[in-house]
Amino acid sequence: MTTTYDATRPFAGQAAIVTGAASGIGQATLELLHAQGASVVAVDRQESVRALARPGVEPLVADIAREESAELAVRTALARYGRLDILVNNAGIIINKPVVDMTLDDWNGIQAVNSTGAFLFSREAMRAMVPAGRGAIVNVGSYACYQAFPTIAAYAASKGALAQLTRALSLEAIEHGIRVNAVGSGDVVTNITNHIHADGPKFLAEHGRNAPIRRAAEPSEIAEVIAFLASPKASYIVGAVVMADGGMSVALR
Ligand SMILES: NC(=O)c1ccc[n+]([C@@H]2O[C@H](COP(=O)([O-])OP(=O)(O)OC[C@H]3O[C@@H](n4cnc5c(N)ncnc54)[C@H](O)[C@@H]3O)[C@@H](O)[C@H]2O)c1
């Protein structure tokens, strides 16, 4: 029997886990992967993720910083869809505080989600992907994988750790046919700073004007890079942090 390949649905028959799927980049990624044929376990700590339920989308309310959440997400993908092809470690949080004002809880809270959560989900996904001998993991990094400005020490440290997790894990994973990469996102108009600014999306839209491209990204623009890295089109990309930041990491200031 010959299988036909539909270029508009490169993920037909595949199963994915997307964390932080209730908002912003995660939601855009969920929609894109699903539109391109994937069945998706949509993980978020917000109850609102349940509203995304439909055939091929299984919401899961869970905190990604907890070990049991990763186990449950992978179990759900295997039980519902019988396989796991793609993991998108997208959920992330930020605080703006100078180090001298930062509590240990502030620091630990950021690392627990942005880097430890990605480790926990990657570990459980790998345990399902290794026997299958295939898979792709895409981590959502940031220009803060490499760059910093005052008040983002905890966030920058967590994204630096995520970049190094990406590289080290990619070497272990490629031995099993699994590719691990990251996207280094610039400013994107989402809800991530809503707890810091009265109008978080407006702040990000304005902050994005500092990039050479002179605007922030829409979530769908980052989702396209994530889908590309998860797809066979990126078959030779291993351990990369692909910058999608409107040139932010290129310009000298
Ligand atoms: N928006 C930007 O400007 C920007 C820039 C660079 C990188 N990023 C990265 O993009 C990723 C997505 O962020 P976004 O901008 O779409 O933000 P967002 O706040 O719109 O969405 C993040 C989602 O993750 C969920 N989440 C947070 N902590 C969680 C946890 N412990 N368990 C489960 N779900 C959790 C939130 O509920 C939310 O639905 C993050 O990793 C962020 O660091 C964003």
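Further up the page is the structure itself.
Enquirer: Go over the overall build of the protein, please, and point to the residues and values.
Expert: A tally of regular secondary structure across the protein gives 6 helices and 7 strands. In terms of overall size, the protein behaves like a compact globule, its C-alpha atoms giving a radius of gyration of 17 Å where 253 residues would be expected to give roughly 18 Å. Each principal axis of the C-alpha distribution contributes one length, and for the protein these read about 60 × 35 × 35 Å. When the 253 residues of the protein are sorted by exposure, 47% land in the buried category. Excluding contacts between residues fewer than 6 apart, the proportion of contacts in the protein whose partners are at least 24 apart in sequence is 67%.

Enquirer: Which residues make up the sheet that holds strand 3 (residues 57-61), and what are the values?
Expert: Sheet strands associate in pairs through backbone hydrogen bonding, adopting either a parallel or an antiparallel arrangement. The 7 strands are arranged 3-2-1-4-5-6-7 in an open sheet whose pairing can be described as parallel. Each having just a single partner strand, strand 3 and strand 7 (241-244) make up the two edges of the open sheet. For this sheet the average axis-to-axis angle between neighbouring strands, irrespective of direction, equals 20 degrees. Where strand 5 (residues 135-142) and strand 6 (residues 178-185) come together, 8 bridges link them in parallel fashion. Each residue of the ladder has a partner; that of V138, found in strand 6, is N181. Here helix 4 (residues 153-174) sits on the sheet and contacts strand 5, strand 6 and strand 7; the angle it forms with strand 6, its principal contact strand, is near 160 degrees.

Enquirer: Can you lay out the nonpolar core for me, pointing to particular residues and giving the numbers?
Expert: Residues I17, V18, L33 and I226 are the most contacted members of the largest nonpolar core, which totals 77 residues. The element that contributes the greatest number of residues to this core is helix 4, accounting for 9 residues. Ignoring any residue separated from it by four or fewer positions in sequence, one finds I17 in contact with V41, V43, A73, A77, L84, L87, V88, F121 and A125.

Enquirer: Residue-level account of unusual backbone geometry, with values.
Expert: Despite not being glycine, T151 has its phi angle at roughly 85 degrees, a positive value. Position of T151 among the secondary structure elements: in the loop between strand 5 and helix 4. Taking the C-beta count within 10 Å as the criterion, T151 has 17 such neighbours and is therefore assigned partly exposed. Although it is not a glycine, R214 adopts a positive phi angle of roughly 65 degrees. Looking at the element boundaries, R214 is found in the loop between helix 5 (200-207) and helix 6 (219-230). The exposed category is assigned to R214, around which 10 C-beta atoms lie within 10 Å.

Enquirer: Talk me through the packing of helix 3 (residues 104-132) against helix 4; I want residue IDs and the actual numbers.
Expert: Two elements in contact, helix 3 and helix 4, have axes whose closest approach is 9 Å; the angle formed by their N-to-C orientations is 15 degrees. Judged by the angle between their axes, helix 3 and helix 4 are roughly parallel. For the pair helix 3 and helix 4, the crossing hand works out as right-handed. Of helix 4, the residues touching helix 3 (which contributes D106, W107, I110, Q111, N114, S115, A118, F119, S122 and M126) are A154, Y155, S158, K159, A161, L162, L165, L169 and A173. By residue class, the composition of the contact of helix 3 with helix 4 is 12 nonpolar, 5 polar and 2 charged.

Scoring rules and cut-offs
Along each chain, numbering runs from 1 in the same order as the chain's sequence is written. In keeping with the model being predicted, local features are shown solely for residues with a pLDDT of at least 70 and side-chain atom pairs are shown and tallied solely at 80 or more, while totals for entire chains, interfaces and linings include all residues. A run of H or I in DSSP counts as a helix once it spans at least four residues, and a run of E counts as a strand once it spans at least two, with each numbered from the N terminus. Every radius of gyration here is taken over C-alpha atoms, with the globule rule written as 2.2 Å times N^0.38, N being the number of residues. Residue burial is a threshold on neighbouring C-beta atoms within 10 Å of the residue's own C-beta, all placed from the backbone, with 20 or more meaning buried, 12 or fewer meaning exposed, and counts in between meaning partly exposed. Our contact criterion uses C-beta atoms placed from the backbone: two residues qualify when those atoms are within 7 Å. Any two strands are treated as partners once DSSP identifies two or more bridges connecting them. For every element, the axis is a line fit to its C-alpha atoms; helices are fit only across the contacting stretch, and the angle between N-to-C directions ranges from 0 to 180 degrees. In this usage, the nonpolar core is the set of buried Ala, Val, Leu, Ile, Met, Phe, Trp, Tyr and Cys residues whose C-beta atoms join them within 7 Å. When an angle is under 35 degrees it counts as roughly parallel; over 145 it counts as roughly antiparallel; between 65 and 115 it counts as roughly perpendicular; any other value is oblique. Crossing handedness: left-handed means the near helix sits turned counterclockwise from the far one by under a right angle, and right-handed means the same turn made clockwise. Amino acid classes used here: Ala, Val, Leu, Ile, Met, Phe, Trp, Tyr, Cys and Pro are nonpolar; Asp, Glu, Lys and Arg are charged; the rest, including Gly, are polar.

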